[in-house]
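# A look at the structure
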Amino acid sequence: MNGQNLLIGLSHIDRKFIEESENDTIGTKNSTHKEPTQGRKIFRKPLLIAAIVALMLFLMGCAAVVLLHLNDLKIGERTYTQHPLYLEDGTKTPATEKVQEIIALQGIAESPNQQAAKEWYDFLQSYDQDRALANHAEDFSIPAAYHAYGVYTQEMVDKVDAICQKFDLKLAGEGALLLTQVEDRIPEILGIDGILKKGTSAQASYVGGRFYECGNFNLDYRITANGFQEVFVGYSYADKAYFSTMYLTIEESEKVQEWNYTTEDGTQLLLVKTVDRGYIFCDREDAFLQITLGSKLEDLPNMTKADMEAFAEVLDYTLKPDKVENMHALALELDELYRAPTAVDPEEEARREAEFEAHERHDSFADLIADMRDNEEYFTRYSGNTYLDFWETMEYCLMDADGNGTEDLILGRNGNINAIWTMKDGKTAGLQGSWAQGYLCEGYIFEFAVREDGSHYHSYTSLITGEGLGEISYYPSDGVWRYQKGNDIKEITEAEAFEIMNSYAHVELPEMKPVKDFPMS
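Bear in mind that the values here come from a model prediction, so they are computed numbers and not experimental data.

## Let's talk about the sheet that holds strand β15 (residues 408–413)
Strand order in the open sheet formed by five strands is β17-β16-β15-β14-β24, and the pairing between neighbours is antiparallel. With one partner strand each, in any of the chains shown, β17 (427–433) and β24 (513–514) form the two edges of the open sheet. Examined bridge by bridge, strand β16 (residues 416–424) and β17 share six bridges and lie antiparallel to one another. Each bridged residue has a counterpart across the sheet, and for Met423 the counterpart in β17 is Thr428.

## Observations concerning the confidence of the model for the protein chain
Per-residue confidence for the protein chain averages 85 on the pLDDT scale, and 86% of its residues sit at or above 70. The lowest-confidence element of the protein chain is strand β1 (residues 25–27), averaging 32 in pLDDT; the highest-confidence one is helix α6 (residues 154–167), averaging 97. Low confidence marks residues 1–66, where pLDDT is under 50. Its contacts with residues over four positions away, or in another chain, come to 45 contacts.

## Some details on the environment of Val515
Relative to the helices and strands, Val515 is located in the segment after β24. Here Val515 falls in the buried class, since its relative accessible area comes to 0%. Along the sequence, Val515 and Glu395 sit 120 residues apart, while their C-alpha atoms lie 4.8 Å from each other. Ignoring any residue separated from it by four or fewer positions in sequence, one finds Val515 in contact with Ile369, Phe390, Trp391, Met394, Glu395 and Tyr396.

## Regarding the pattern of salt bridges
Scanning the entire structure with this criterion turns up 27 salt bridges. Close ionic contact of Asp239 with Lys320 constitutes a salt bridge, the shortest N to O distance being 3.6 Å. In this pair, Asp239 sits in strand β8 (residues 228–239) while Lys320 sits in the loop between α8 (305–312) and α9 (327–339), placing the two residues 81 residues apart along the sequence. Of the charged contacts, one joins Asp478 and Arg482 as a salt bridge, the two residues approaching to 2.9 Å between their closest N and O atoms. Classification of Asp478 by relative accessible area gives partly exposed; the value is 29%. Several salt bridges share partner residues, and in doing so they unite Glu348, Arg351, Arg352, Glu355, Glu377 and Arg381 into one network.

## Focus on the pairing of strand β19 (residues 445–450)
On any regular strand, side chains alternate: one points to one face of the sheet, the next to the other face. For β19, the buried fraction is high: six of the six residues fall into the buried class. What you see with β19 is no split at all: Ile445, Glu447 and Ala449 on one side and Phe446, Phe448 and Val450 on the other are buried throughout. Alignment of strand β18 (residues 437–441) against β19, held across five bridges, turns out to be antiparallel. Bridging from a neighbouring strand, Leu440 pairs with Phe446 of β19. Where β18 hands over to β19, the hairpin turn is made up of three residues, of which Gly443 adopts a positive phi near 85 degrees. As defined by bridge partners, β19 adjoins strand β20 (residues 456–462) across six bridges and the pair is classed as antiparallel. Looking at β20, one finds that Phe446 is bridged to Thr461. Linking two consecutive strands that pair antiparallel, namely β19 and β20, is a turn of five residues; a positive phi of about 55 degrees is found at Asp453 within it.

## Section: the side chain of His458
When you line up the elements, His458 lands in strand β20. Of note is the side chain of His458, whose polar atom sits 2.7 Å from the side chain of Glu447. Beyond its immediate stretch of four places on either side in the chain, His458 contacts Glu447, Phe448, Ala449, Arg451, Gly470, Glu471, Ile472 and Met501.

## A word on the packing of aromatic side chains
According to the stated counting rule, one finds 22 aromatic pairs in the structure shown. Considering the side-chain rings of Tyr86 and Tyr474, the 4.9 Å spacing of their centres and the 85 degrees angle between planes classify their relative orientation as edge-to-face. Taken together, the residues Tyr86 in the loop between β3 (74–82) and β4 (96–104) and Tyr474 in strand β21 (residues 468–475) connect sequence positions 388 residues apart. Joined through ring pairs, the aromatic side chains of Tyr378, Phe379, Tyr382, Tyr387 and Phe390 make up one cluster. We note Lys305 situated over the ring of Trp259; from NZ or CZ to the ring centre the distance is 4.8 Å. Across from the ring centre of Trp391, 5.2 Å away, lies the NZ or CZ of Arg373, which sits over that ring.

## Observations regarding a negative patch on the surface
Side chains of Asp345, Glu347, Glu349, Glu353 and Glu357 sit close together on the surface and give a patch of like negative charge. Of note, Glu349 is situated in helix α10 (residues 346–360).

## A word on the sheet that holds β4
Across the sheet, three strands lie side by side as β3-β4-β9; this open sheet has antiparallel pairing. At either end of the open sheet lies a strand with only one pairing partner, and these are β3 and β9 (247–251). Pairwise comparison of adjacent strand axes, ignoring direction, gives a mean angle of 30 degrees for this sheet. One ladder, built from eight bridges, connects β3 with β4; its direction is antiparallel. Paired with Gln82 across the strands is Thr96, a residue of β4.

## Points about the nonpolar core
Membership of the largest hydrophobic core comes to 46 residues, with the highest contact counts inside it found for Leu190, Phe211, Ile223 and Leu293. Not counting residues within four places of it along the chain, the set of residues in contact with Leu293 comprises Val231, Phe232, Val233, Arg277, Gly278, Ile280, Leu300, Met303, Met308 and Phe311. Membership of the second largest hydrophobic core comes to 21 residues, among which are Ala116, Trp120, Tyr127 and Tyr212.

## Quick look at unusual backbone geometry
Glycine aside, negative phi is the norm for most residues, and most peptide bonds take the trans geometry. Phi at Arg131 is positive, roughly 65 degrees, even though this residue is not glycine. Positionally, Arg131 belongs in the loop between α5 (112–125) and α6. Taking relative accessible area as the criterion, Arg131 reaches 45% and is therefore assigned partly exposed. Phi is positive for Tyr444, which is not a glycine, with a value near 60 degrees.

Rules used throughout
- Residues numbered from 1 in each chain as written.
- Predicted model: local features only at pLDDT ≥ 70, side-chain atom pairs only at ≥ 80, totals over all residues.
- Heavy atoms only, no water.
- Pairing = 2+ DSSP bridges.
- Helix = DSSP H or I, 4+ residues; strand = E, 2+ residues; numbered from the N terminus.
- pLDDT = per-residue confidence, 0-100.
- Contact = heavy atoms within 4.5 Å.
- Buried < 20%, exposed > 50% of the residue type's maximum accessible area, 1.4 Å probe, protein only.
- Salt bridge = Lys/Arg side-chain N within 4 Å of Asp/Glu carboxyl O.
- Polar contact = N/O pair within 3.5 Å; in protein donor to acceptor, adjacent residues only side chain to side chain.
- Phe/Tyr/Trp six-rings, centres within 6.5 Å; stacked < 30°, edge-to-face > 60°.
- Lys NZ or Arg CZ within 6 Å of the ring centre and 35° of its normal.
- Patch = residues over 30% accessible without salt bridge, like charges linked within 9 Å, V, L, I, M, F, W, Y side chains within 5 Å.
- Areas by Shrake-Rupley, 256 points an atom, 1.4 Å probe, with all protein chains shown as cover.
- Lys, Arg positive; Asp, Glu negative; His and termini not counted.
- Charge placed at Lys NZ, Arg CZ, Asp CG, Glu CD.
- Axes fitted to C-alpha atoms, helices over the stretch in contact; angles between N-to-C directions.
- Core = buried A, V, L, I, M, F, W, Y, C linked by side-chain atoms within 4.5 Å.

See the structure below:
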């Protein structure tokens, strides 16, 4: 705590107590009594000192709660036009003006780290707006120490240097990827052993990440804890001795919930729940930690405040990574490793092949369905949630899906096809699948479709030849419709996109029945 903090804090003490300490008065319920002169030595300083001591105790005990508020992390707003959204019911929303809040991930308001991040953000808002310089970025060789800043001109390098000098911060240094191939080397490289608190029953599966020479990192995991199945967790660490430019954007701020939470071991956190993600912020004296719960493809609309607090308990907020030694040599080593073909363990390959043969190659559809019922874990492991609650929720029908004159097994729910199985060489074999929406089209064509967040994605595959017939896509982020076949990608109009999609007429399926009713004999 410094003098400025103390003066700010004194402004929150009831002025009555300070005036009484200066004027030697004691307030009672009904009157104010003036003390004699000799009494000043008794009451004046003790009252003021007591007020200051009380304030210091309050600030030391509650500063994290007061300061960790979303507004204290906000460094700006960005107004933009949201392109039209195409909803699942076939309607289309108009283009809408939206506001994003820019949240810094380095420290609280007025801290050198946040001021530096804001100055860099403000600089970028007015720099190279027509992207003329960015379009020639390949002509610029980025110095290794500036990897964290996305610089592509000498002017940007100079600006980073000026900010570091102004706020007495150091460069983060060279960066490198930390892919799954080197998960077991994370303790060696960063000096940390995962992001889970010691002794927790939660399980973490590493997804990937990035780290920098100073020790700053962004590591992604999928964590199973407190009844949530494989929640995506992104953990970011920013050392306050170094210049960091990480930030996130939050939309629909009117729907955001935020509250302070103290973990069982006394760590003060700010928890934030948006419409589709959760965030955890921890402002330490030496570092700022930010954790994201949920990803773009995995919303968490049903996660309650209590759920988030329970999840917050399994994470480790004491992490202190080491500065990476011999960073340049390590970065070259890792890059070469990632480019090399992944070595195949013969024993592991044989195990997987045996597992595949045992679960997916059966003499009949009845045997396949029985295996799916009895070994749901195997099928969900490789097909996401397609087979989750298989026996209770899946439906089926039989029809010729690939034009070879024999019936195929179609599995699905709610009018969508999740999987098509056929017989090949007398054994069951997977033909097509969809974790989103799947449809059978005329001409023995399968359509895989995804409609979420107002976007469109449709791919078409011949079930006779297996040939890809083309893909249609639209994403609100840029508002552009595209058609791709092979490596050829071109922009098309909305009318052209719907003309292509409408040319693939959906086939009406036979009546879908509960998979429980399949004749198993």
